[in-house]
Amino acid sequence: MTEIVIQTHKLSKIFGGLTAVDKVDLTVPEKAIASIIGPNGAGKTTLFNCVSGFYAPEEGDVLFYGKPIQGQATDRICSLGISRTYQNIRLFSQMTAVENILVGQHPRLKGTWWEAVLHNPRYMQEEEKAVGEALHLLEFVGLDGLGDHLARNLPYGAQRRLEIARALANHPKLLMLDEPTAGMNSQETADMTAFIKSLRDNLGITILLIEHDMKVVMDISDQITVLDYGTKIAEGLPKEIQTNQQVIEAYLGPGAAALSKKFQRKKTHDA
Amino acid sequence: MSEQKTTRDQPSLNVGKLIRWIAGILLLALIGWRVYQTAFIEGSYGPDTWMRFIIAGLIIGGMYSLIAIGYTLVYGILFMINFAHGEVMMLGAFGGYFIFELLASIKAPSVSDPNMNFLNAYPVISVLLAFIVGTVVSAVAGLLLERIAYRPLRKAPRLVPLISAIGASIFLQNAAQLLFGPQRRQYINPVILWRGTGWSIPVGDTTVLLTYTGTLSLVLSALLMIGLFLVVQKTRLGRSMRAVAENKQAAALMGIDVDDVIGKTFIISGVLAGAAGVMWGIHNGLFNHYVGFLPGIKAFTAAVLGGIGNIPGAMMGGMLLGLLESVGPAALGIDFQLKDVIAFTILILVLIFRPSGLLGEALSEEKV
Amino acid sequence: MRTTIKNGIRFGAIISVVIIFFHLTGFSVVAANMIGGLFGNVDKNTALAQLPTINLAIVISLIGLIAGGSASKNTKTDSWTNAIVSGTVAGAFSGLFVAVFVYLIGIANFLEVDLRSYLPEIGPDNIDYLLFGGKASANFLYLGLLTISGLAGAAFSKGIIRANWRKQVQADSVQSFNAFIQKPGIQKVFNNKIVVYAFLAAAAFLLYFLPTKWGPYWNFIMGTVGIYILLGLGLNIIVGLSGQLVLGYVAFFAIGAYTFGLLTAPEPHAIGMNFWLAIVFAILAAALTGVLLGLPILNLRGDYLAIVTLGFGEIIRILIKSDMLTDFTNGPSGLSDLVQPKWLGKTFNDVNYFHLTVIFVIIAIFIANRLQYSRTGRAWLAISADQTVARATGINTFKYNLLALALGAAFAGLGGALFASRNQFTGPEDHILMVSINVLCLVIVGGMGSLPGVVVGAFVLKGVPELLRDLENYRLLAFGALLVMMMVMRPEGLWPKGRPEMETLYYRKHPKDSPPDGEVQS
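Residues numbered from 1 in each chain as written. Chains lettered and ligands numbered in written order. Predicted model: local features only at pLDDT ≥ 70, side-chain atom pairs only at ≥ 80, totals over all residues. Heavy atoms only, no water.

### Some thoughts on the overall build of chain B
The helix and strand tally for chain B stands at 13 helices and four strands. Counting only C-alpha atoms and orienting by the principal axes, one finds that chain B spans roughly 95 × 65 × 40 Å. The 368 residues of chain B split such that 51% are buried. Across chain B, every contact between residues at least 6 apart in sequence was considered, and the portion connecting residues at least 24 apart equals 75%. Of the accessible surface of chain B, which amounts to about 16,600 Å², a share of 68% is contributed by carbon and sulfur atoms. For chain B, the centre of its 25 positive side-chain charges and the centre of its 19 negative side-chain charges are spaced 6 Å apart. (Helix = DSSP H or I, 4+ residues; strand = E, 2+ residues; numbered from the N terminus. Buried < 20%, exposed > 50% of the residue type's maximum accessible area, 1.4 Å probe, protein only. Contact = heavy atoms within 4.5 Å. Areas by Shrake-Rupley, 256 points an atom, 1.4 Å probe, with all protein chains shown as cover. Lys, Arg positive; Asp, Glu negative; His and termini not counted. Charge placed at Lys NZ, Arg CZ, Asp CG, Glu CD.)

Right, here's the structure in full:
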């Protein structure tokens, strides 16, 4: 039995009168790629924000390796080993790519301000190693040679990769990606999909992602959770979700399931 | 490692809160005890003196309220402190002054008095003219300020417009000093509005003077505030202002000209500040290019006190601050020199204990 | 064409407002005096009546040149006609407006209306001078001068400044300069440690010997610049790096100065502490104040912080001045006869003081530089860029903001102590809000977060005004205008901060073929 990395238990988040996330249970085992999908406004990002500590949930628990983390400060949650990226890229745009990754390493480094002034050997060694690691990471995400460019001057795809590199710099146990392929063309999307797979396969990181591109989701997910109006309406393997009537209706409106069946039959017939 | 941190973090936050509350209660108790001592045990001041303090506080509070509304309106829409707002008020004070001087130099001989000037012959029209010109000057200043110093910076990081505002404030102050000279000037009011004249209200054995100028200020501020409230709540402009404050993009998509609404907001806050400036001149008399600075900062304090972005909050905050500043030194039994310290201390205390102000902030929530 | 003319009229209106403003504030006369100083046709004793009117004409023409140039620069099309027309129109219209204004003040003068009680700079003498010695044709002169200079400005701007050949030459020269710099030989010279040390030695030599030559006045001025560099470095940590706007920085300066003063002055406490020990106490007191002030308020929104600190600065000043604390602080009269440092039994003179300031500045720059490129500095920059994300990246923002405030305050404490000791006096009026604003301005004008920017900013804002003593009255006005213009046109400052080229440096040290020993994932 593999260990469970993150588990939410009856998690609810309420804004005013609106229940954005309503008693959601989610379980992600180690080394899995778990996707959260759902129509716009289904509460996917809110769920993300509850896990990463931006919001304190009104009800329910978030367990990270069995320990409750809900309501803690985001910096504490990050230093436990949960990193994330953002739907609209949020890099430190005035800093270079390498520096962005070094900021990502922040919780793992120990240098203090007086060490920085004194430049004692321990500090110098740590900095040297940190830069080396950052460059290694930069190479890993395919951005070597761009390290000294300011983050805001990088092309869009590179910024997405850099954001992931920054998240990886923390050596996370859980990586949360919020729409990693948004705004990418099909070639870039394919690259990103392969890259996410390689993160799990090569680094053994558990990945939780929000994604709108069904092709990506069906391609890489080990499990899919479907949210609609804040509640979980389905969960399972990609194959199961594809044929789930409730899911189809949530996406396309009531009555769509029947149509889709017809369409699918036709498709199989064609094949 | 994680376990330790998890268990430690939660209580330490609460301890901070607890310390803060204990400190707050202790402070309140200390103030209460001090007030009790000076007011009842020592009895340094009679009821008539307290009455005088309260009246003075309400009058100055009305002016603070008017200026504070300008801060709150602009902050609600642009999320920036219009640091030059006090200078807008100062320009209004100069506008009214020059009108009084001009009218005083125009001869309007009448049968009874051949040396009569326009100011004294038609005092109501004169005062009205002074207010109109003062408010127009301030409104134009506010509009130009927005055009030149703030509009190009709509998309800049938040510190940038604030620094620009500080620059504009320094510029306006020094421009006024260079143009009009550094000396203090005095409003020469029409005879019926002379400072020091008014109704005597009997309090106990003595009487308390309610000056005409003070009454004028208080009534006029009340009228202007009611007018503003109606504009914001009932008119098309008010609706679009509220929409822009809520969400600029959505408002623009609904066909509202956001820049236009922002410009009009600056005009409205300029009008209110200009009126406050003329009131300041008529009621207090002396003023110079530096007159807007302290009232400006205090009015911002008032806006924060009431909850920034909240118009009734700004009105209440201004009145409250005026009262506290006027009554406070006497009630606490401290030096009157320290009345500015009271205002700033209140600001710091409010921000520590209730950062969203007494009536709550009315700002659109920033997205995570 | 219509938009061109409109553009010209707009610029004309703006420029005419500027000229009228200059006339009303008396700046035109001051500028004419300065022009006279350049040409040598004016000396200090020249009365206004003897001031050559040609100087005024030169001032007006210079403004007209700028008007024409900027108007033609702002025409969107690239044609000569449009550029010339817009420049000429701008000049003519500004001339028209100014002519009307001059006509009006001329009439006032003729009717012997004294405007001085309202507009103190517009006395009969000044008006006479502004009318080119009371000429009736002055308004035509203005119109003609401004039109011609507007045309000339437009032609100059179009034909020389923005000419294609010039752009080409500029690009070529930049390219060849870069190529020159990149040459291995030159690079070797630059990277050669001996060359670097030689430069440093030359600089040290200058800093050591200049003060003995240029006299006490310049030692005083440059010492003030040095103290402002210290203050700027401190505020740069708070505003430039960690991105918190603190408007009451003078509070820490005051705490430093008064701690030093109270510990060393004979009145009112007569503790008589040693100079060096008192400096340490001043630094510690300022840093402690920073921490105590920061604890309750650092969670506030950025602009609230600005106002709270501004209030705090005022509270400190009012309290120092108040009767309540007179026994403790000497009230408005301040503290005098502060102790001066001694070295080998010799009390410091002005030259030694300058040297001391320079040493402190060098130490401060050294510390600030190392902080800036450390883990701490990166955390500050991340916080100033995006506080939410910085927290989610594992940075304890509260802790780092507090650290920035404490360190910045410590710099101010040192500056305050040094200032008080050098003047042998400190009083409440040394600690007015303007000090905070000055320091903030120098940080911003130099470029937020940039150390060379702080030095440049301190020289520009504290040194240059000393060179232009005539402009004393207009300094603050220019400050304000400069701040606004800077924010609108060049928010990054005169010498913007650069970021280190870590990748290049690292691979220079560890060539790429030998893999680094760092592991990505353990």
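Having seen the model, we can carry on.
### Describing the interface of chain C and chain A
Between chain C and chain A, the contact holds 43 residues from the first and 47 residues from the second. Of the roughly 4,100 Å² buried between chain C and chain A on both sides combined, carbon and sulfur atoms contribute 60%. Across the chain C-chain A interface, the total number found is three salt bridges. A:Asp75 serves as the salt-bridge partner of C:Arg391, at 3.4 Å between the closest nitrogen and oxygen. Applying the counting rule to chain C against chain A returns nine residue pairs in polar contact (both at pLDDT 80 or more). Looking at the side of chain C that touches chain A, the elements that each hand over two or more residues are α14 (350-372), α15 (375-385), α16 (387-392), α17 (397-423) and α21 (502-509) of chain C. Among the elements that take part in the side of chain C that touches chain A, α15(C) stands out by supplying seven residues, more than any other. Grouping the constituent residues of the side of chain C that touches chain A by class yields 21 nonpolar, 11 polar and 11 charged. (Buried area = accessible area lost by both parts, 1.4 Å probe. Salt bridge = Lys/Arg side-chain N within 4 Å of Asp/Glu carboxyl O. Polar contact = N/O pair within 3.5 Å; in protein donor to acceptor, adjacent residues only side chain to side chain. Nonpolar A, V, L, I, M, F, W, Y, C, P; charged D, E, K, R; others polar.)

### Overview of the packing of helix α2 (residues 27-39) of chain C against helix α3 (residues 53-73) of chain C
All names here are of chain C. The contact between α2 and α3 brings their axes to 8 Å, and the two run at 110°. Of the possible angle classes, the one that applies to α2 and α3 is roughly perpendicular. Contact residues: Ser28, Ala31, Ala32, Ile35, Gly36 and Phe39 in α2; Asn55, Leu56, Ile58, Val59 and Leu62 in α3. Each residue belonging to the contact of α2 with α3 can be placed in one class, and the counts come to eight nonpolar, three polar and no charged. (Axes fitted to C-alpha atoms, helices over the stretch in contact; angles between N-to-C directions. Parallel < 35°, antiparallel > 145°, perpendicular 65-115°, else oblique.)

### Structural notes on helix α5 (residues 121-140) of chain A
Each α-helix turn comprises 3.6 residues. Residues three or four places apart therefore point the same way. Along its 20 residues, α5(A) runs 28 Å from first to last C-alpha, staying within 8% of the 28 Å computed at 1.5 Å per residue. Residues of α5(A) that are buried include every one of A:Tyr123, A:Glu126, A:Glu127, A:Ala130, A:Val131, A:Gly132, A:Glu133, A:Ala134, A:Leu135, A:Leu137 and A:Leu138, and no others. In this fold, the buried residues of α5(A) make contact with α3 (97-104), α4 (113-118) and α6 (156-168) of chain A together with α15 and α21 of chain C. (Expected span 1.5 Å × (residues − 1).)

### Considerations on the interface of chain C and chain B
Each partner contributes to the interface: chain C provides 47 residues, whereas chain B provides 51 residues. Between chain C and chain B, roughly 4,200 Å² of surface is buried when both sides are summed, and carbon and sulfur atoms account for 79% of that area. Broken down residue by residue, the surface that chain C buries against chain B is led by C:Tyr118, C:Tyr304 and C:Ile307, which jointly contribute 16%. Applying the counting criterion to the chain C and chain B interface returns zero salt bridges. Counting the contacts that link chain C with chain B gives two residue pairs in polar contact (both at pLDDT 80 or more).

### Some words on the pairing of strand β1 (residues 4-15) of chain A
Residues and elements named next belong to chain A. Two elements, β1 and strand β2 (residues 18-29), share eight bridges in a ladder whose sense is antiparallel. What sits directly across from Thr8, in β2, is Leu26. The turn linking β1 back onto β2 is made up of two residues, and Gly16 within it adopts a positive phi angle of 60°. Direction of pairing for β1 relative to strand β4 (residues 59-64): antiparallel, over a ladder of five bridges. (Pairing = 2+ DSSP bridges.)

### Thoughts on the side chain of A:Ser12
Relative to the helices and strands, A:Ser12 is located in strand β1. The buried category is assigned to A:Ser12, whose relative accessible area is 3%.

### Description of unusual backbone geometry
A negative phi holds for most residues other than glycine; trans holds for most peptide bonds. All names here are of chain A. Here Lys23, not a glycine, exhibits a phi torsion of approximately 45°, which is positive. Within the secondary structure, Lys23 is located in strand β2. For Lys23, a relative accessible area of 46% gives the class partly exposed.

### Structural notes on the environment of A:Leu109
Relative to the elements of secondary structure, A:Leu109 occurs in the loop between α3 and α4. Given the relative accessible area of 9%, A:Leu109 is considered buried. Spatially, the C-alpha atom of A:Leu109 lies 41 Å from that of A:Ala234, the residues being 125 residues apart in sequence. The residues contacting A:Leu109, other than those within four sequence positions of it, are A:Glu126, A:Glu127, A:Ala130, C:Arg375 and C:Arg378.

### Points about the packing of helix α7 (residues 212-234) of chain B against helix α8 (residues 236-246) of chain B
Residue and element names in this part refer to chain B. Contact pair α7 / α8: the axes reach a minimum separation of 5 Å and the direction vectors enclose 75°. Compared by their axis directions, α7 and α8 come out roughly perpendicular. Between α7 and α8, the contacting residues are Val231, Val232, Gln233 and Lys234 on the first element and Arg236, Gly238, Arg239, Met241 and Arg242 on the second. Taken together, the residues of the contact of α7 with α8 sort by class into three nonpolar, two polar and four charged.

### Comments concerning the pairing of strand β10 (residues 231-236) of chain A
Residues and elements named next belong to chain A. Relative to β10, strand β9 (residues 223-228) runs antiparallel, the two being bridged by five bridges. When the bridges of β10 are listed, Ile224 appears paired with Gly236. The antiparallel hairpin formed by β9 and β10 contains two residues in its connecting segment, where Tyr229 sits at a positive phi of about 50°.

### Focus: the sheet that holds strand β8 (residues 206-210) of chain A
Strand pairs in the sheet, formed through backbone hydrogen bonds, run parallel or antiparallel to each other. All names here are of chain A. Here we have six strands laid out as an open sheet, ordered β6-β7-β8-β3-β9-β10, and mixed in their pairing. Of all strands in the sheet, those with a lone pairing partner are β6 (82-84) and β10, marking the two edges. Mean inter-strand twist for the sheet, computed between neighbouring axes without regard to direction, equals 20°. The pairing of strand β7 (residues 174-178) with β8 spans five bridges and is parallel. Looking across to β8, one finds that Leu177 is bridged to Leu209.

### A short note on the nonpolar core
In this structure, A:Ile6, A:Leu208, B:Leu228, C:Tyr249, C:Phe260 and C:Trp380 are the most contacted members of the largest nonpolar core, which totals 275 residues. In terms of residue count, helix α2 (residues 47-78) of chain B provides more of this core than any other element does, 15 residues in total. In this structure C:Tyr249 touches C:Leu231, C:Gly234, C:Leu235, C:Ile238, C:Gly408, C:Phe411, C:Ala412, C:Ser436 and C:Val439, once residues within four positions along its chain are discounted. Judged by nonpolar contacts, the second largest core, of 40 residues, contains A:Val131, A:Val141, A:Leu143 and A:Met184. (Core = buried A, V, L, I, M, F, W, Y, C linked by side-chain atoms within 4.5 Å.)

### Observations regarding the packing of aromatic side chains
Counted under the stated rule, the structure contains 33 aromatic pairs over all chains. Ring plane angle 70° and centroid distance 5.1 Å describe the contact between A:Phe64 and A:Tyr65, whose orientation is recorded as edge-to-face. On the basis of relative accessibility, which here comes to 6%, the residue A:Phe64 falls in the buried class. Put simply, the rings of B:Phe94, B:Tyr97, B:Phe98, B:Phe100, B:Phe180, B:Tyr187, B:Phe287 and C:Tyr118 touch in pairs and so form one group of aromatic residues. In this structure, A:Arg166 is placed above the aromatic ring of A:Phe92, and the distance from its NZ or CZ to the ring centre is 4.8 Å. Sitting over the ring of C:Phe220, C:Arg422 keeps its end group 4.0 Å from the ring centre. (Phe/Tyr/Trp six-rings, centres within 6.5 Å; stacked < 30°, edge-to-face > 60°. Lys NZ or Arg CZ within 6 Å of the ring centre and 35° of its normal.)

### Focus: the state of the cysteines
Residues and elements named next belong to chain A. Per the stated rule, a full pass over the model turns up zero disulfides over all chains. For the unlinked cysteine Cys50, the closest cysteine sulfur is that of Cys78, found at 17 Å. Its relative accessible area of 3% is what places Cys78 among the buried residues. (Disulfide = S-S within 2.5 Å.)

All we've got here are geometric facts, nothing functional implied.
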